[in-house]
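Architecture at a glance
Here is what each chain is made of, one letter per residue.
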Amino acid sequence: MLSAAAVLTWTTERLAKGADDEALAALAEAVVRFPDDPVVAVRHADALQLGGQLTAAAAEYHRALMLDPAAVDGWYGLGCAELARGAFGETAHCLRRALALQPERLDIRFNLGNALFGLGEVDAAVEFYRSVAEAGPSPLTGEALAAIARIIPGASAADNAAVLKARRTWARKEAKILRLPSRRPAPAAAGKKLRIGYVSAFFGDRHWMKPVWAAVNHHDRARFEIHFFSDAKAPDAQSGYRDFPDDYVHDIRSASNDGLADYIARCGIDVLVDLNGYSHPSRLDLFMRRPAPVIVGWFNMFATTGIDGFDYIIGDDAVVPAAEERFYSERVLRVPGSYLAFNVLYPVPEVAPPPVLATGSLTFGCFCSQYKITDATIAAFAAILRGAPLARLLLKSRPLADESNRAAVRGRFARHGVAAERVLMDGPAEHFAFLAAYERVDIALDAFPYSGGTTTMEALWQGVPVLTFNGDRWASRTSRSLVLAAGLDAWCLADRDAFVAQAIALARSPTTPAELAALRASLRDRLARSPACDGAALCRGLESLYEKIAIRP
């Protein structure tokens, strides 16, 4: 019969290769034989976590920590299990306990950064990732640089120069590791039918792809041959795509970047358009390989990519002023109106009257992803609530289904003097029900420095005006682009202070309920007739750009 030490040695070797039923069975037996051994309990919990049994793993980590509160691997393992369950508040608590015991552990720092990002504490997350990246070469160095590059546009402490530097640092290190061969396909010949390729992992996500289908459905197929390179569900009618018989859909889910680059080159694509940006970072290496003569970023771009393979990035006048072009590794191109003009091509709830008519006091709302609810955003929201003592705020996002995440948000508001009952929090819902929740909101407040995009479109379409302001970077101006294109200029303020002051003024004004009711009743029709929903015009703008750059990259 093996001793506890022998069991641990044997299972360490097995578990290093991944989940292992035989090792898990041996550890379960060891737990029975050595019930008071915290190391055995931690290893058993590790095995459960590797096998995807997160609830059971968390329970076993808790048991191990009762046996030994100083078991750093117990705190770390529990933190990782909670991270996998999306309980970022509990994750941060556990990993801080682990870090206090072993402050030199880079894996603890890295995962603590992941948890803090999930909570919206983006600046703190960047600092933890940076501490990993600057600790010297390690298996986590590249991951830390990639994480910084991915999230830094949403860090309040960063600016345009910091975003460019972080993304260039990661991209050039990655390109050096890849040792890429020189490749630059020949540009298109004048007069030929241009082949446009769109790359995305999200073609099937109807709520997210509204601007894409608004434009792409209007392509002139007599002048352009359209290719979709899909990393997930293929474009279909349910997602908003009109099925054009001459379009090409390529399933690239199993393709390596190297193989895909060769495939795209063989397809003879003239202009390759990335719709992912850093939302699907595993494909960024594809564009470093230059599979087409012209490579463009559009749609999910709100900062420079920092990648030399990109020739152009497409925005509009509202998001990138000329003075900021020096912070882009790409050449900035602009379309008239909003670069995110959208259509809603699926069933949605009817517009409801503003709730203030029944409640007598305003309910502000923000349905942005929790990672956009930064400390700066919470400080501004708290200032609004302090200045409008009868108002409430509704936050709604997936992480808010978890109590530890809600507790973390309550604590952040409490530090600004806002009582818990004034901040309502809801978790996720099926998309129709998610949209229906706007019936509980009078005015949507934008997040910053990473503003809304999809949530701004959806709030407006549900009749809810979005209050935003002119931020200091593209990521802070996406809502501005949509709000201005919708003709709601008065809802886009000059700066943060004006944003806060206007929200307070609206909450205090006795005429606001009637004004909101009138606006809400007419907003969807107004929006549909505005440049914010003119997908045909957006398509014409894109096509004009494609024709110019395809011949002269």
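The structure we're discussing is the one just above.
Remember, predicted model here, so these are calculated numbers, not experimental data. (Residues numbered from 1 in each chain as written. Predicted model: local features only at pLDDT ≥ 70, side-chain atom pairs only at ≥ 80, totals over all residues. Heavy atoms only, no water.)

A few words now on unusual backbone geometry. The omega torsion of the bond from F448 to P449 falls at 5 degrees, within 30 degrees of zero and hence cis. Here P449 shows up in the loop between β11 (443–445) and α18 (454–461). One non-glycine residue, F299, lies in positive phi territory at about 75 degrees. Its location among the elements puts F299 in the loop between β5 (294–297) and β6 (312–315). Looking at F299, the relative accessible area reads 6%, which means it is buried. (Helix = DSSP H or I, 4+ residues; strand = E, 2+ residues; numbered from the N terminus. Buried < 20%, exposed > 50% of the residue type's maximum accessible area, 1.4 Å probe, protein only.)

Turning our attention to the side chain of E324. You can see E324 is positioned in the loop between β6 and β7 (331–334). Once residues within four sequence positions are removed from consideration, E324 is found in contact with N160, D472, R473 and R477. (Contact = heavy atoms within 4.5 Å.)

Residues T363 and G365 line one face of strand β8 (residues 363–366) and the alternating positions F364 and C366 line the opposite face, and both faces are buried. Examined bridge by bridge, β8 and strand β9 (residues 392–396) share four bridges and lie parallel to one another. Following the sheet pairing, F364 is matched in β9 by L393. Running through helix α15 (residues 375–387), the crossover from β8 to the neighbouring parallel element β9 is right-handed. Where β8 and β11 come together, two bridges link them in parallel fashion. For G365, the partnering residue across the bridge sits in β11 and is A444. (Pairing = 2+ DSSP bridges. Right-handed = clockwise from strand over helix to strand, strands pointing away.)

What follows concerns the sheet that holds strand β4 (residues 271–274). Spatially, the seven strands line up as an open sheet ordered β3-β2-β1-β4-β5-β6-β7, and their pairing is parallel. Looking at the sheet topology across the chains shown, the edges are occupied by β3 (248–251) and β7. Across the sheet, the axes of successive neighbouring strands diverge by a mean angle of 25 degrees, strand direction being ignored. The sheet contact formed by strand β2 (residues 224–230) and β3 spans four bridges and is parallel. The residue of β3 that forms the bridge with F228 is V249. (Axes fitted to C-alpha atoms, helices over the stretch in contact; angles between N-to-C directions.)

To continue, consider the layout of surface pockets. Quantified by volume, the largest pocket comes out at close to 1400 Å³. Surrounding the largest pocket, 47 residues form its lining, H207, W208, S369, Y371 and T454 being those nearest its centre. Elements represented by at least two residues in the lining of the largest pocket include exactly α7 (106–119), α9 (141–151), α17 (431–436) and α18. With four residues, the single largest contributor to the lining of the largest pocket is α18. Partitioning the lining of the largest pocket into residue classes produces 23 nonpolar, 16 polar and eight charged. Computed from the structure, the second largest pocket encloses a volume of approximately 270 Å³. Among the secondary structure elements, those contributing two or more residues to the lining of the second largest pocket are α3 (38–50) and α5 (72–84). In terms of residue count, α3 provides more of the lining of the second largest pocket than any other element does, seven residues in total. (1 Å grid on protein atoms, 1.4 Å probe; cavity = no way out; pocket = protein on both sides within 12 Å on 5 of 7 lines; lining within 4 Å. Points joined across faces, edges and corners; volume = space filled by probe spheres on them. Nonpolar A, V, L, I, M, F, W, Y, C, P; charged D, E, K, R; others polar.)

For helix α16 (residues 403–414), built from twelve residues, the straight-helix expectation of 16 Å at 1.5 Å per residue is met to within 8% by its first-to-last C-alpha distance of 16 Å. Taken as a whole, α16 has its buried residues at S404, N405, V409, R412 and F413. Against the buried residues of α16 lie α6 (88–101), α7, α15, β9 and β10 (423–426). (Expected span 1.5 Å × (residues − 1).)

A full pass over the atoms with the stated rule returns 27 aromatic pairs. Between F203 and F228, the ring centres sit 5.4 Å apart and the planes meet at 80 degrees, which makes this aromatic pair edge-to-face. Of this pair, F203 sits in the loop between β1 (194–200) and α11 (210–216) while F228 sits in strand β2; the two residues are 25 residues apart in sequence, bridging distant segments of the chain. Grouping aromatic residues by their ring pairs yields a cluster made of Y198, F203, W213, F228, Y241, F244 and Y546. One cation-aromatic arrangement involves R105 over Y76; the distance from NZ or CZ to the ring centre is 5.0 Å. Its guanidinium or amino end placed over the ring of Y278, R167 lies 3.8 Å from that ring's centre, counting from NZ or CZ. (Phe/Tyr/Trp six-rings, centres within 6.5 Å; stacked < 30°, edge-to-face > 60°. Lys NZ or Arg CZ within 6 Å of the ring centre and 35° of its normal.)

The tally for this structure, following the rule as stated, stands at 28 salt bridges. Between E127 and R130 there is a salt bridge; the shortest N-O distance is 2.8 Å. Of this pair, E127 and R130 both sit in helix α8 (residues 122–133), separated by three residues, roughly a single helical turn. One salt bridge connects D497 with R496, and the closest N-O pair in it is separated by 3.3 Å. With relative accessibility at 30%, the residue R496 sits in the partly exposed group. One network of salt bridges, with partners in common, ties together D220, R223, E543 and E547. (Salt bridge = Lys/Arg side-chain N within 4 Å of Asp/Glu carboxyl O.)

Take the sheet that holds β10 next. The sheet built from six strands is open, its strands ordered β10-β9-β8-β11-β12-β13 with parallel pairing. Two strands in the sheet have a free side with no partner beyond their single neighbour: β10 and β13 (492–493). Docked against the sheet, α16 engages β9 and β10, running at close to 160 degrees with respect to β10.

According to the stated counting rule, one finds zero disulfides in the structure shown. Residue C533 stays outside any disulfide, its sulfur separated by 16 Å from that of C539, the closest cysteine. C533 gets classed as buried once you look at its relative accessible area, which sits at 9%. (Disulfide = S-S within 2.5 Å.)

Turning our eyes to something else, we now look at the environment of F224. Mapped onto the secondary structure, F224 falls in strand β2. For F224, a relative accessible area of 1% gives the class buried. Expressed as a C-alpha distance, the spacing of F224 and V199, which sit 25 residues apart in the sequence, is 16 Å. Contacts of F224, omitting those with residues within four sequence positions, involve K193, L194, I196, E543, Y546 and E547.

Function cannot be inferred from these measures alone, as they are strictly geometric.
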